[in-house]
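Topology and contacts: notes
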Amino acid sequence: MGKEIKMSKQYFVKLKPMGKFFFGGDVRFGINGQKEEFSSYIIESSMMPQQTSLLGMMRFLLLSNDENLFNVEQNVIKSDKMAEVNTLIGERGFSVNPDGVNSFGAILSVGPCCLYGDNECYYRASADHAFLSVNWKGIKAAVNGKEVEIPELKVKINDKEELYTGKAELSSSFMSVTSGKKVDVDKMFIKDSRIGIDKDYDGKSQTKAFYKQISYRLKEGFCFGFDVEVEDGIKLEDYNGHLVKLGADASSFVFEAKEMKPLFKEAKEGLSVVLVSDAYISKEDMEKANIRFSINQMRPFRFLKTENQEDASYYRINGTKTATCTERYELYQAGSVFYFVDEKTRNEFCDILKSRKDFNQIGYNKFYIK
């Protein structure tokens, strides 16, 4: 018997924020004497949700709307339906699986999150988008004991063309991969700051519990969007108009899905690779990659270890069944750009990104060539 081939459908999902939203990360508030390794009294939301959050939202959407499997009033999985639940959404959430993909039941894959507006999908612009030119003049430098080639970067500052030294602050933008149209961050996002003080259980203010939380709102005309592939029997349009939760502080979004081919397509020409989503590349793979030069930033990544439980407490961040993975991964941020000498070394790097099927399956490690 050969491998079973599952029929599937492709959807584009829009998530329209109902107000402000907060997408957390590895940094948390250090209040009430908590000793978090990565804690702060000032925390800022990420602009984009994690791919693991999108996956968790999709799993709970399918589960909570199936009255045969889930008791909505009691927020529990029906005790005799666990096997069917596992078939629908998989036994557990995302986990690092170097040997291949994970099983999320009827959810076959999730694409990278974008900002959607004016019939365009906008991803984080490449880190070199503000440069007028990238010229290779054989400038050599030693980095960590290894000789590397440094390009000459030219940028326009105060209407003058100058060499970039790293001191000038470049604009932060999102860009349509298909049309090349760029939109600055301040044309899409609005900051929403909240300052307060934490209190103990007796209602007394804690002298070291002042905090500042920075959330975001999207400007009119924009929403979040992503591609998702599901088994043929799933009709995501049935959930159009439903409210879904994503991120912290019960951030609410209106769900809308339309069956259509994936909007994101990889470009094929050029000797640089740009990440449209965060990407995991192991240290060993980075050592193998023959990268000429790169402009990148890193961010910490952890995920919740969740397994289906009858009381569904694993959906609550502070639930007793929830645990954060102990290993802290480092991801290259969306917008990072990597330059190569020829197509061979470029393709080898692309193969490294594609080889992590576990991350690829939920929208990480996605890129285009320019």
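Let me begin by describing the structure that accompanies this report. (Residues numbered from 1 in each chain as written. Predicted model: local features only at pLDDT ≥ 70, side-chain atom pairs only at ≥ 80, totals over all residues. Heavy atoms only, no water.)

Let's shift gears to the packing of aromatic side chains. In this structure the tally under the stated criterion is 26 aromatic pairs. The interplanar angle of 45° and the centroid separation of 4.8 Å between the aromatic rings of phenylalanine 338 and phenylalanine 349 together place this pair among those described as tilted. Of this pair, phenylalanine 338 sits in strand S26 (residues 337–339) while phenylalanine 349 sits in helix H4 (residues 343–355); the two residues are 11 residues apart in sequence, bridging distant segments of the chain. Side by side, phenylalanine 338 and phenylalanine 349 carry an identical accessibility label, which is buried. Taken together, the ring pairs in this structure connect Phe94, Tyr280, Phe301, Tyr329, Phe359 and Tyr364 into an aromatic cluster. The ring centre of tryptophan 136 lies 3.8 Å from the NZ or CZ of arginine 292, which sits over that ring. (Phe/Tyr/Trp six-rings, centres within 6.5 Å; stacked < 30°, edge-to-face > 60°. Helix = DSSP H or I, 4+ residues; strand = E, 2+ residues; numbered from the N terminus. Buried < 20%, exposed > 50% of the residue type's maximum accessible area, 1.4 Å probe, protein only. Lys NZ or Arg CZ within 6 Å of the ring centre and 35° of its normal.)

The next point concerns the environment of glycine 111. Take glycine 111: it is sitting in the loop between strand S7 (107–110) and strand S8 (114–117). Spatially, the C-alpha atom of glycine 111 lies 9.1 Å from that of phenylalanine 12, the residues being 99 residues apart in sequence.

This next bit is on the environment of lysine 191. Tracing the backbone through its elements, the reader meets lysine 191 in strand S15 (residues 189–199). The exposed category is assigned to lysine 191, whose relative accessible area is 53%. Residues lysine 191 and isoleucine 214, spaced 23 residues apart in sequence, show a C-alpha to C-alpha distance of 6.6 Å.

Attention now goes to the state of the cysteines. Per the counting criterion, the structure on display carries 0 disulfides. Of the cysteine sulfurs around cysteine 121, a residue in no disulfide, the closest is that of cysteine 114, at 3.6 Å. Summary of cysteine pairing: cysteine 223 is not part of a disulfide, and the nearest cysteine sulfur, belonging to cysteine 114, is at 7.8 Å. Its relative accessible area of 6% is what places cysteine 223 among the buried residues. (Disulfide = S-S within 2.5 Å.)

The packing of two helices is summarised by the inter-axis angle and the distance between the axes. The N-to-C vectors of helix H1 (residues 51–64) and helix H2 (residues 82–89) enclose an angle of 135°; their axes lie 10 Å apart at closest approach. Judged by the inter-axis angle, H1 sits oblique to H2. With respect to the hand of their crossing, H1 and H2 are arranged in right-handed fashion. Between H1 and H2, the contacting residues are Arg59, Leu62 and Leu63 on the first element and Val85, Leu88 and Ile89 on the second. (Axes fitted to C-alpha atoms, helices over the stretch in contact; angles between N-to-C directions. Parallel < 35°, antiparallel > 145°, perpendicular 65-115°, else oblique. Left-handed = near helix turned anticlockwise from the far one by under 90°. Contact = heavy atoms within 4.5 Å.)

Our focus in this paragraph is the pairing of strand S1 (residues 8–17). Here S1 pairs with strand S17 (residues 223–231) via 8 bridges, running antiparallel. Across the sheet, residue lysine 9 finds its bridge partner in S17, namely valine 230. By the bridge criterion, 7 bridges tie S1 to strand S19 (residues 252–259) in an arrangement that is antiparallel. Note that in S19 the partner of proline 17 across the bridge is phenylalanine 253. (Pairing = 2+ DSSP bridges.)

The end-to-end C-alpha distance of H1 is 20 Å, a good match for the 20 Å that 14 residues give at a rise of 1.5 Å each. Among the 14 residues that make up H1, 11 are buried, leaving the element largely enclosed by the rest of the structure. Among the residues of H1, Gln51, Thr52, Leu54, Leu55, Met57, Met58, Arg59, Leu61, Leu62, Leu63 and Ser64 are the ones counted as buried. (Expected span 1.5 Å × (residues − 1).)

As paired strands, strand S18 (residues 243–245) and S19 are joined by 3 bridges and run antiparallel to one another. Along S19, the bridge assignment pairs lysine 245 with serine 252. Here S18 hands over to S19 after 6 residues, with glycine 247 in that stretch at a positive phi of 85°.

What follows is about H4. Along its 13 residues, H4 runs 18 Å from first to last C-alpha, staying within 8% of the 18 Å computed at 1.5 Å per residue. Along H4, the residues classified as buried are Thr345, Arg346, Phe349, Cys350, Ile352 and Leu353. Down the axis, H4 shows its buried residues gathered within 150° of arc, on one side only. Seen from the buried face of H4, the exposed residues on the opposite side, beyond 90 degrees, are Glu343, Lys344 and Asp351. Next to the buried residues of H4 lie strand S20 (272–275), helix H3 (283–288), S26, helix H5 (357–360) and strand S27 (367–369). The N-terminus of H4 is capped by aspartate 342, whose side-chain oxygen sits 3.3 Å from the backbone nitrogen of lysine 344. (Arc of directions from axis to C-beta. Polar contact = N/O pair within 3.5 Å; in protein donor to acceptor, adjacent residues only side chain to side chain.)

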